[in-house]
Amino acid sequence: MDYVLQTRDLYKKYGSFKALDNLTINVPKGSIYGLVGRNGAGKTTLIRIVTGLNHPSSGEFTFYGVKNNDGKILEARRKMGAVVETPSLHPNMTARDNLIQQTKALGISDEKIDDILKLVGLANTGKKKAKNFSLGMRQRLGIAFSLVGDPEFLVLDEPINGLDPQGIIEVREMITRLNQEKGITILISSHILDELSRLATHYAFIERGHVIKEMSAEELENASRTFVHINVNDTKILADVLGGMGIEFRICSPNEADIYTPVQVTPLVLALNDKNCIVNSMSEHHESLENYFMGLVGGVQNG
Ligand SMILES: Nc1ncnc2c1ncn2[C@@H]1O[C@H](COP(=O)(O)OP(=O)(O)OP(=O)(O)O)[C@@H](O)[C@H]1O
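Residues numbered from 1 in each chain as written. Predicted model: local features only at pLDDT ≥ 70, side-chain atom pairs only at ≥ 80, totals over all residues.

An unreviewed UniProt entry annotates the protein as ABC transporter domain-containing protein of Ruminococcus flavefaciens 007c. Comment text from UniProt for the protein, heading Sequence similarities (unreviewed entry), reads "Belongs to the ABC transporter superfamily." (UniProt positions renumbered as here; feature names shortened; annotations may be inferred.)

A. Structural context of helix H5 (residues 135–147). In this model, H5 (13 residues) spans 19 Å end to end at C-alpha, consistent with the 18 Å of a helix rising 1.5 Å per residue. Within H5, 12 of the 13 residues are buried, which leaves it mostly tucked inside the rest of the structure. Listed in full, the buried residues belonging to H5 are Gly 136, Met 137, Arg 138, Gln 139, Arg 140, Leu 141, Gly 142, Ile 143, Ala 144, Phe 145, Ser 146 and Leu 147. Contacts made by the buried residues of H5 are with strand S7 (80–83), helix H3 (95–106), helix H4 (113–119), strand S8 (153–157) and helix H6 (165–182). (Helix = DSSP H or I, 4+ residues; strand = E, 2+ residues; numbered from the N terminus. Expected span 1.5 Å × (residues − 1). Buried ≥ 20, exposed ≤ 12 C-beta atoms within 10 Å, placed from the backbone. Contact = placed C-beta atoms within 7 Å.)

B. Region of interest: the site of the ligand. Close to the ligand lie 13 residues, the nearest being Tyr 14, Asn 39, Lys 43, Thr 44 and Thr 45. Contributions of two or more residues to the shell around the ligand are made by strand S2 (17–23) and helix H1 (43–50). Among the residues forming the shell around the ligand, the class breakdown is four nonpolar, seven polar and two charged. (Near = placed C-beta within 6 Å. Nonpolar A, V, L, I, M, F, W, Y, C, P; charged D, E, K, R; others polar.)

C. Summary view of the UniProt feature "domain: ABC transporter" (unreviewed entry) in the protein. The sites that carry the UniProt feature "domain: ABC transporter" (unreviewed entry) are, in the present numbering, residues 5–233. For the annotated span residues 5–233, helix accounts for 32% and strand for 30% of the residues, and the straight-line distance between the end C-alpha atoms is 54 Å.

D. Layout of unusual backbone geometry. The backbone of Asp 9 sits at a positive phi, close to 50 degrees, despite the residue not being glycine. Assignment of secondary structure puts Asp 9 in strand S1 (residues 3–14). We classify Asp 9 as partly exposed; it has 14 C-beta atoms within 10 Å. Not every positive phi belongs to a glycine, and Asp 150 is a case in point at roughly 55 degrees.

E. Up close: the nonpolar core. Ile 116, Leu 141, Ala 144 and Ile 186 are the most contacted members of the largest nonpolar core, which totals 66 residues. For this core, the element with the highest residue contribution is H5, accounting for six residues. What Ala 144 contacts, discounting residues up to four positions off in sequence, is Leu 99, Ile 116, Leu 117, Val 120 and Leu 122. Judged by nonpolar contacts, the second largest core, of 10 residues, contains Ile 230, Val 232, Leu 238 and Leu 272. (Core = buried A, V, L, I, M, F, W, Y, C linked by C-beta atoms within 7 Å.)

F. A look at the confidence of the model for the protein. Confidence in the prediction of the protein, expressed as mean pLDDT, is 91, and 98% of residues score 70 or more. Across the protein, the element-wise mean pLDDT spans from 77 in helix H11 (residues 289–297) up to 98 in strand S3 (residues 26–28). For this predicted complex, the interface confidence score (ipTM) comes to 0.93, while the overall pTM stands at 0.81. (pLDDT = per-residue confidence, 0-100.)

G. How the structure looks around the sheet that holds strand S10 (residues 202–207). The mixed open sheet is built from six strands, whose spatial order is S7-S8-S9-S4-S10-S11. Here the strands that pair on one side only, and so sit at the sheet edges, are S7 and strand S11 (210–216). Averaged over neighbouring strand pairs, the angle between their axes works out to 15 degrees when direction is ignored. Strand direction decides the pairing type here: S7 and S8, joined by four bridges, are parallel. Counterpart to Gly 81 in the pairing with S8 is Leu 154. (Pairing = 2+ DSSP bridges. Axes fitted to C-alpha atoms, helices over the stretch in contact; angles between N-to-C directions.)

H. Structural view of the sheet that holds strand S13 (residues 249–251). The four strands lie next to each other as S13-S14-S12-S15, forming an open sheet whose pairing is antiparallel. Each end of this open sheet is capped by a strand with a single partner; those strands are S13 and strand S15 (279–286). On average, each strand axis in the sheet is inclined to that of its neighbour by 20 degrees, with strand direction left out of account. Direction of pairing for strand S12 (residues 226–232) relative to S15: antiparallel, over a ladder of seven bridges. Note on S15: the bridge partner recorded for Val 228 is Glu 284. Across the sheet, helix H9 (residues 235–244) lies against S12, S13 and strand S14 (256–259), angled at about 20 degrees from S14, the strand it touches most.

So, in structure tokens, the structure goes:
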């Protein structure tokens, strides 16, 4: 596989605190690579190192085949766009004028501005000033800033944080567009796995500065368990019957339960019927990705 970014045993210490602990990731070309970890897990530290805002205490990374300690890394980084901190927008300017300002600041042509506005879904904002934008629009304008250099690789630190459901959908659609229409490889962090789940093609789960699991979306899909949600008139009887059959389950309410062991429907319904337990409904579900993540890292999630 062709990798855009590979880190090897990255280690970052602040005093005696290990913010990154032998962190290794492999970001395939063309992927949307999700860094998932709780607040404080080390995602921003990793992103700051990759984008050159910070240096590792030890370990190394390779970006487009260039090692981080090679002088050519600066040139390679021209292929990178990033939104790490809240970008400083001009509140009294339109989206278009903000972008013109950005190209001027970077000394590059403004010929791609209309394309970029279209890509980030801000082509129709006309005379509306940035100060009147929703948080999601501002977020997309910030990402537009990172696109003026025509990057092949885009780094987004928690771009969905704080957005309302509509804003999340818009940013998600924009990221998919950038990936699929422009072929941009994207590294994106979030502390909420479900927010990335319809987006990412690959994941690294980070806990205490270490990657506890790196996997493709397909592998994640297969790993998260399927269960049957059942609604009955009496879960006490259900629990007795399931227990007797050696089936793994969880009672959710007086009428509902989740069954984790693959089960044959007819024998179960007949056994319940024998004890006057009526089945109102049964449906198959996938365990939420968030649950899978919590199972990996353990404990209660912050944020
Ligand atoms: N300059 C610094 N000095 C000391 N400790 C730091 C510094 N920067 C980060 N840390 C610590 O390193 C750990 C990782 O922080 P980091 O910002 O990378 O986490 P994160 O996964 O991005 O979480 P968040 O989403 O909350 O930013 C945290 O415990 C943080 O307090």
